[in-house]
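Single-letter residue listing:
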Amino acid sequence: MRNRPEDAPLPYYEDPSPGFGDLPPRAWYPASDAARLPLDGTWDFRLSETAEGGDVAFTSDAFTPEPDAGWGPLTVPGHWVLQGHGAPAYTNVRYPFPVDPPRVPTENPTGDHRRVFDLPDDWPEDGEAVLRFDGVESCARVWLNGRELGVFQGSRLPHEFAVGHLLRRSGNVLAVRVHQWSAGSYLEDQDMWWLPGIFREVTLLHRPPGAVEDHFVHAGFDHTTGEGVLRVDSSPAGRVLVPELGVDVATGDEVRVPVEPWTAETPRLYAGELVTAGERVPLRIGFRTVVVEDGLFRVNGRRVLFRGVNRHEFHPERGRALDQATMREDILLMKRHNINAVRTSHYPPHPAFLRLCDELGLWVIDECDLETHGFCDFEDWRGNPVADERFTPALVDRARRMVERDKNHPAVVIWSLGNECGAGDGLSAMARWIRERDPERAVHYENDPTCRDSDFYSRMYAPHAEVEAIGRRAEEPLADPELDARRRSLPFILCEYAHAMGNGPGGLAEYQRLFREHERCQGGFVWEWIDHGFPKTTPEGVPYFGYGGDFGEELHDGNFVCDGLLFPDRTPSPGLLEFRKVIEPVLMAADRAAGVLEVTNDQDFADTSGLAFEWAYEVAGEPVAGGPLTVPPLGPGATARVPLPSRPGTDRPGAGVWTFRALLADDTPWAPRGHLVAWAQLATDERAVEPAPPASGAAPVRSDDGIALGPGRFDAVSGALLRLGDLAVPHAPRLDVWRAPTDNDLGASWQDDERHGQSWRALGLDRMRHRLDGVELTDDGLVVRARVAPAAAEVGLATTYHWRALDDALLLSVTVLPEGPWRTTLPKVGLRLGLPAAYGAVTWFGGGPGEAYPDTRQAAALGRYRADVDALQTPYVRPQENGARADVRWAELAADVGPALRVTAVDEPFFLTARRWTPEHLDAAEHTSDLVPSDTVWVHLDHAQHGIGSQSCGPGPLAQYHLRPREFRFALRLAAR
Ligand code: GAL
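Residues numbered from 1 in each chain as written. Predicted model: local features only at pLDDT ≥ 70, side-chain atom pairs only at ≥ 80, totals over all residues. Heavy atoms only, no water.

Give a description of the side chain of E578 that names residues and reports values.
With respect to the secondary-structure elements, E578 resides in helix α8 (residues 574-582). Buried charge without a partner: E578 forms no salt bridge, and the closest opposite charge is R857, 8.1 Å away. Separated by 3.0 Å, the side chain of E578 and the backbone nitrogen of Q858 make a polar contact. With sequence-adjacent residues up to four places away left out, E578 is seen in contact with L508, D855, T856, R857, Q858 and A859. (Helix = DSSP H or I, 4+ residues; strand = E, 2+ residues; numbered from the N terminus. Buried < 20%, exposed > 50% of the residue type's maximum accessible area, 1.4 Å probe, protein only. Lys, Arg positive; Asp, Glu negative; His and termini not counted. Salt bridge = Lys/Arg side-chain N within 4 Å of Asp/Glu carboxyl O. Polar contact = N/O pair within 3.5 Å; in protein donor to acceptor, adjacent residues only side chain to side chain. Contact = heavy atoms within 4.5 Å.)

So, the sheet that holds strand β44 (residues 712-714): which residues are in play, and what are the values?
One open sheet accounts for five strands, arranged β42-β43-β44-β45-β46; its pairing is antiparallel. Of all the strands in the sheet, just β42 (701-703) and β46 (727-728) have a single pairing partner and so form its edges. (Pairing = 2+ DSSP bridges.)

Go over the domain arrangement of the chain, please, and point to the residues and values.
As assigned here, the chain comprises domain 1 (12-207), domain 2 (214-291), domain 3 (300-580), domain 4 (585-683) and domain 5 (701-976). Here the C-alpha centre of domain 5 lies 35 Å away from the C-alpha centre of domain 4. Each partner contributes residues to the interface: domain 4 has eight residues there, and domain 5 has seven residues. E622 is the partner of R864 in a salt bridge, and the nearest nitrogen-oxygen pair spans 3.5 Å. Taken together, the links from domain 4 to domain 5 amount to two residue pairs in polar contact (both at pLDDT 80 or more). Here the element with the most residues in the side of domain 4 that touches domain 5 is strand β41 (residues 676-683); it accounts for three residues. (Domains from an automatic or database assignment.)

Break down the sheet that holds strand β1 (residues 36-38) for me, citing the residues and quoting the values.
Strand order in the open sheet formed by four strands is β1-β14-β6-β10, and the pairing between neighbours is antiparallel. Edge positions in the open sheet fall to β1 and β10 (159-162), since each of these has one partner strand only. Taking each pair of neighbouring strands and ignoring which way they run, the sheet shows an average axis angle of 20°. The sheet contact formed by strand β6 (residues 128-133) and β10 spans four bridges and is antiparallel. The partner of R132 across the bridge, within β10, is E160. (Axes fitted to C-alpha atoms, helices over the stretch in contact; angles between N-to-C directions.)

Which residues make up helix α6 (residues 481-488), and what values do they have?
Listing the buried residues of α6 in full gives D484, R487 and R488. End-on view of α6: buried residues confined to an arc of 95°, all on one side of the axis. Here the buried face of α6 lies against β30 (457-460). Of the residues that open α6, the one with a side-chain oxygen 2.8 Å from the backbone nitrogen of E482 is D480. (Arc of directions from axis to C-beta.)

Provide a residue-level description of the nonpolar core, including the pertinent values.
Among the nonpolar cores identified, the biggest contains 170 residues, and L131, L174, L204, F297, W363 and M588 are the most heavily contacted of them. Among the elements that take part in this core, helix α2 (residues 351-360) stands out by supplying six residues, more than any other. If we skip the residues at most four places from it in the chain, L131 touches L39, V142, L149, H159, E160, F161, V163, L174, V202, T203 and L204. With 61 residues, the next largest nonpolar core counts L797, V814, F970 and L972 among its residues. (Core = buried A, V, L, I, M, F, W, Y, C linked by side-chain atoms within 4.5 Å.)

Dropping the structure here:
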């Protein structure tokens, strides 16, 4: 316990050193046989504008919190800014106050919290008591029964005070003053909302005489013998009982017993107990050994591949005050989407989350509560706290609080020093302390390119080519040959990649290929798990999610806070579904020529005995036959070649598609039996599209009411399609190249590479004009020529629409020829047409059920789907291009009455998009509530789309997914049925 010097030059909240008055950190556990009293619930609360604004009279017994004096109820745990006092604020890198460490602004929102409590009747008379705070942002001063206990900083870390001598049987007055800003805020510049408050539990813990002060479970696994190696250190000493293993040993003694090891795939835990003179503490022991050797990160002797995500704690109503149900939901969602690892960006999570990771099985990089990113804006990171020795004790204190709290979790295999702090000796001091205290785990830090404090070469957002070079250990060298040689010998991870902001991320499959090809590349962690959007409503009562700038912030970074695989309400985004497919733990590939299905177990530890395999055969999207598929149990890494079932006979016309599935054979703690784990398809006819049908040869006829061609009626002057049979077409098809730029199209301001969305807009692709160059009636159809180009530009697209009559349909062939010096890519190339609003029912045969773009199409399965237009929209928090269905062979748009429009692919499948607003409206919208349905269903039939990539923070689409202007030719068949 440290005392605060009398002559401290700065107020405690500006003091960069660790707090005072609190106890040394120790292992966290949720329960033992010692009594505990949760102090959650309704507290009294008052907000002041400055740190010194309110007096401290509220700490005394005699005080009565009066509403007239600004006191009211507040839920603890909770953030006051989410309970009607002030507002949340979002910045990414920039500190939202003048940077002058360790000083903070005078305007320093300060929340006084007060809670009166009685001890339960059965609270023991003897022993001590400890008051624990699991998380308070950012600085707290604490009093019990009028006596000051101390002060702490370190928001996402635990702090405890000894309080036994102050407790009364009844009428205890706990008073906590919380300052939003403190010296600690300089260490907490994570890219997230600033959310002050007591946001994790406050608990009173009874400490009986002889209770456990601290304990450290060392449970290794010797993969050469299959033995677990167990030693539990404890103060005071006691005994360790693991009945299932027949273990009953003294603390400090090592035992070796045959065990099943713990891995994220096989999270085997053994229940045990630590018994000291005063307490029985339940243990959950997972045996596993972590090493970095031969340039690889290994657990239990095997290389591990991280299929990971970065997870912030976020709940749309409660901010970072997460309940256990939400934590569990996060993990179940992860496991069900084949995710096997979490980086706790960028602070230790609620400790209950780690217990759930132990139980359900996830590899965890536990990251310290540390980021000083805002200093990167100053020359050479001037002033950076990690290079300022005044902060070093606080840095080591943070490392220590994390390690001591979380050291008994088998799931935690790597400690991370923090995020984006540049380089500095403070980081080395943290790493030294951690290595000394816990040599049995690896240490990670990304932001110092020399990797001097890290056991990994770690990068964020490295493009594929760089990852490939690193995979070959052929990266650009560091200037210092010794550091270079060391770094080159390290395993590689992408601690962040695939920026999941808005539509995307693209390019996941290509990263995964690199991770499979290069053993040094041990996977990565997608940025990030969830969009941090807060619910709001328009004055008209329309709900939407708000982001940075929606809460009156002076500085903010807009929707950069919404870059997750889940929407704020935890609905999976298309990006998560794509990720799930790309990281499947079982790979299946059908080889039609050889008549076999190759099945590979891509897990690191588990065999496939928990999976059941099945096949299905569909023709034109209708099931024809199916059944179980016999696949022998495969060990990790093993492959089997299974004969394909014989092709079921059917006289049904259309494309035949095989689907192979791996499902859970039994219920697991994270998903029920039958849950889909992996799948693959094989089409009997790869393309399954029709060749160009022979035209009927009917010639167009001009009459008083326009031009007639087969079932089509066209405007005599513009050549625009007016009717197709009995179907009126209010907006005739015409060339369209615009899409509402995605966050990934727009890119980030610091990106050096071309930002395609910016170039598109600069050129004016959002305001293309269509000049009619001619309407010509020929022997075999109607030819309409146009030049499509934006104002002020010399480039254009010479476009020919060639209409021909088929028996009951029209064949539209389109040719697009770029003119002039095009320097940008195109967002897309296709047709836009408009139907009456009643045409809301969409059926298609093609990729689905969800959206897909050229580099985000792995999860799209070939099939026959139906959806309402409204359900085809993906509600990205900031509206942008979305909802395309890829690989479409045919689509039908229908209304309750009147004929449907059927569009059939000719030669090549197309992308189908249908929405109740135009791309221009989508582009102009800032929130989902800005999207108002029009009287038209806009239908987009796209021949090609530009890729999606990940340039909102990382690399853009790979070159093969760039849509460069060139000659495009495509055709569609249109019919009214
Ligand atoms: C990284 C950072 C994350 C987040 C991400 C972009 O640089 O570590 O916290 O800001 O970029 O969303």
